Amino acid sequence: GAVVSQHPSWVICKSGTSVKIECRSLDFQATTMFWYRQFPKQSLMLMATSNEGSKATYEQGVEKDKFLINHASLTLSTLTVTSAHPEDSSFYICSARPTRHSSYNSPLHFGNGTRLTVT
Amino acid sequence: DAKTTQPTSMDCAEGRAANLPCNHSTISGNEYVYWYRQIHSQGPQYIIHGLKNNETNEMASLIITEDRKSSTLILPHATLRDTAVYYCIVRVVYQGSQGNLIFGKGTKLSVKP
């Protein structure tokens, strides 16, 4: 089945530093990838949509200069949390949708998430 | 995307069938019903999806009412490892759509020995 790999699975960083999270589709190509954030005891919230070869589109309230997204290939998207602060501590999850050549109702496949703790 | 309503929590005895309901009374003709689950501290896992016919796979069965306003996910023989939050999501699917998923609060299913 379709596998999405996310790395690292957890990271602790100091306030003011930047952290990069990678999302890879291992056995399929993904024109589009999605980044979600989940705070404790809450549901997943979509942050941004990552499109291969073009700029990401961000949901309202998500700062594009703080959460840098790069989707340089059909199998890799990265999310960089810049100048991280304690309030950015959260569970970040990526998901990928197979390319347009697949059925349009193909399910999204999710990575196992990255637990970010900013101290 | 259409809003869904699910019970906040449910319990199920191990080995019994778990029936998780979902209401989506405002669903439109081009929206599919998807079910995902999230085990604690993991990413969501796809379970099953359907448009109007009942569907079955190795994980579960999906029963969609004739008017499509509600559905039920059935785990035929629940195990302790099925303890998770289950999300029912309706999603517009068409050429050119981004296809992202909007998550509600889901149902926390607790399978008890």
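Refer to the structure above for everything that follows.
First things first, this report covers the structure right here in the doc. The residue count restarts for each chain, going from 1 along the sequence in the order it is written. To label them, take the chains in the order written and letter them from A, then take the ligands in the order written and number them from 1. Confidence filtering applies because this is a predicted model: local features only for residues at pLDDT of at least 70, side-chain atom pairs given and counted only at 80 or more, and all residues used for totals across whole chains, interfaces and linings. In computing side-chain values, all of the structure's heavy atoms are included and hydrogens and water are not.

**Focus: the overall build of chain A**
Going along the chain from the N terminus, every DSSP run of H or I of four or more residues is numbered as a helix, and every run of E of two or more is numbered as a strand. Helices and strands together make up the secondary structure of chain A, namely zero helices and eleven strands. Each helix and strand of chain A, placed in order from N terminus to C terminus, yields the pattern β-β-β-β-β-β-β-β-β-β-β. Radius of gyration: over C-alpha atoms. The globule rule applied is 2.2 Å multiplied by the number of residues raised to the 0.38 power. Rg of the C-alpha trace for chain A: 14 Å, near the compact-globule value of 14 Å for 119 residues, within the 12% margin. Projected onto its principal axes, the C-alpha coordinates of chain A cover approximately 45 × 25 × 20 Å. Taken over 119 residues, chain A has a buried fraction of 51%. Here the analysis covers contacts within chain A between residues at least 6 apart in sequence; of these, 56% occur between residues at least 24 apart. Calculation of accessible area relied on Shrake-Rupley with a 1.4 Å probe; when residues are assessed, cover is drawn exclusively from the protein chains displayed. Of the roughly 5900 Å² of accessible surface on chain A, 51% is carried by carbon and sulfur atoms. Side-chain charges in chain A split into 11 positive and 8 negative, and the spacing between the mean points of these groups amounts to 2 Å. For every residue, the accessible area (1.4 Å probe, protein chains only) is compared with the maximum for its type, and the residue is labelled buried under 20%, exposed over 50%, or partly exposed between those bounds. Whether two residues touch is decided by their heavy atoms; if any such pair falls within 4.5 Å, the residues are in contact. None of His or the chain ends enter the tally, which takes Lys and Arg as positive and Asp and Glu as negative. All charge positions are set by atom: Lys at NZ, Arg at CZ, Asp at CG, Glu at CD.

**So, the sheet that holds strand β1 (residues 4–7) of chain A**
All names here are of chain A. The strand order across the open sheet built from four strands is β1-β3-β8-β7, with neighbouring strands paired in antiparallel fashion. Two strands bound the open sheet, and with one partner strand each, they are β1 and β7 (67–73). Going across the sheet, the axis of each strand differs from the next one's by a mean of 15°, ignoring polarity. When DSSP finds at least two bridges between two strands, those strands are taken to pair. Axes, fitted as lines to C-alpha atoms, cover a helix only where it is in contact. Angles between the N-to-C directions of the axes lie from 0 to 180 degrees.

**Some words on the interface of chain A and chain B**
Facing 23 residues of chain A, the contacting portion of chain B comprises 24 residues. Each of two parts loses accessible area, computed with a 1.4 Å probe, when they are put together; buried area is these two losses added. Taken over both partners, the interface formed by chain A and chain B buries close to 1800 Å², and the fraction arising from carbon and sulfur atoms is 50%. Whenever Lys or Arg places a side-chain nitrogen within 4 Å of a carboxyl oxygen from Asp or Glu, that contact is recorded as a salt bridge. Put simply, chain A and chain B have zero salt bridges between them. Any pair of nitrogen or oxygen atoms within 3.5 Å is treated as a polar contact; in protein, a donor-acceptor pairing is required on top of that, and neighbouring residues in sequence qualify only through side-chain atoms on both sides. Joining chain A to chain B, the criterion identifies five residue pairs in polar contact (both at pLDDT 80 or more). Those elements that provide at least two residues to the side of chain A that touches chain B are β4 (32–38), β5 (45–51) and β9 (90–97) of chain A. Looking at the side of chain A that touches chain B element by element, the count peaks at four residues for β4(A). Looking at side-chain class alone, the side of chain A that touches chain B contains ten nonpolar, ten polar and three charged residues. Each residue is assigned to one of three groups, with Ala, Val, Leu, Ile, Met, Phe, Trp, Tyr, Cys and Pro labelled nonpolar, Asp, Glu, Lys and Arg labelled charged, and all others, Gly among them, labelled polar.

**With respect to the sheet that holds strand β6 (residues 61–64) of chain B**
Residues and elements named next belong to chain B. Sheet architecture is open: four strands sit in the order β2-β7-β6-β5, paired in antiparallel fashion. Sheet topology places β2 (18–23) and β5 (55–56) at the edges, where each strand pairs with a single neighbour. Pairing between β2 and strand β7 (residues 70–75): six bridges, direction antiparallel. Looking at the pairing, P21 lines up with T72 of β7.

**Let's talk about the nonpolar core**
Think of a nonpolar core as a cluster: buried Ala, Val, Leu, Ile, Met, Phe, Trp, Tyr and Cys residues, connected wherever their side-chain atoms sit within 4.5 Å. Of all hydrophobic cores here, the largest spans 24 residues; its most connected members are A:W35, A:F67, A:L79, A:Y92 and A:L116. When contributions to this core are tallied by element, the ones reaching two or more residues are β2 (10–13), β3 (19–25), β4, β5, β7, β8 (76–81), β9 and β11 (114–118) of chain A. Sequence-distant contacts of A:F67, defined by excluding residues within four places in its chain, comprise A:R37, A:M47, A:Y58, A:V62, A:L79, A:T80, A:V81, A:D88 and A:Y92. Counting 21 residues, the second-largest nonpolar core is a separate cluster that includes B:C22, B:V33, B:W35 and B:I64.

**A short note on the pairing of β7(A)**
Residues and elements named next belong to chain A. Inspection of the sheet shows β7 paired to β8 by five bridges, in the antiparallel sense. In the sheet register, F67 faces β8, and the bridge partner there is V81. Adjacent in sequence and paired antiparallel, β7 and β8 are bridged by two residues.

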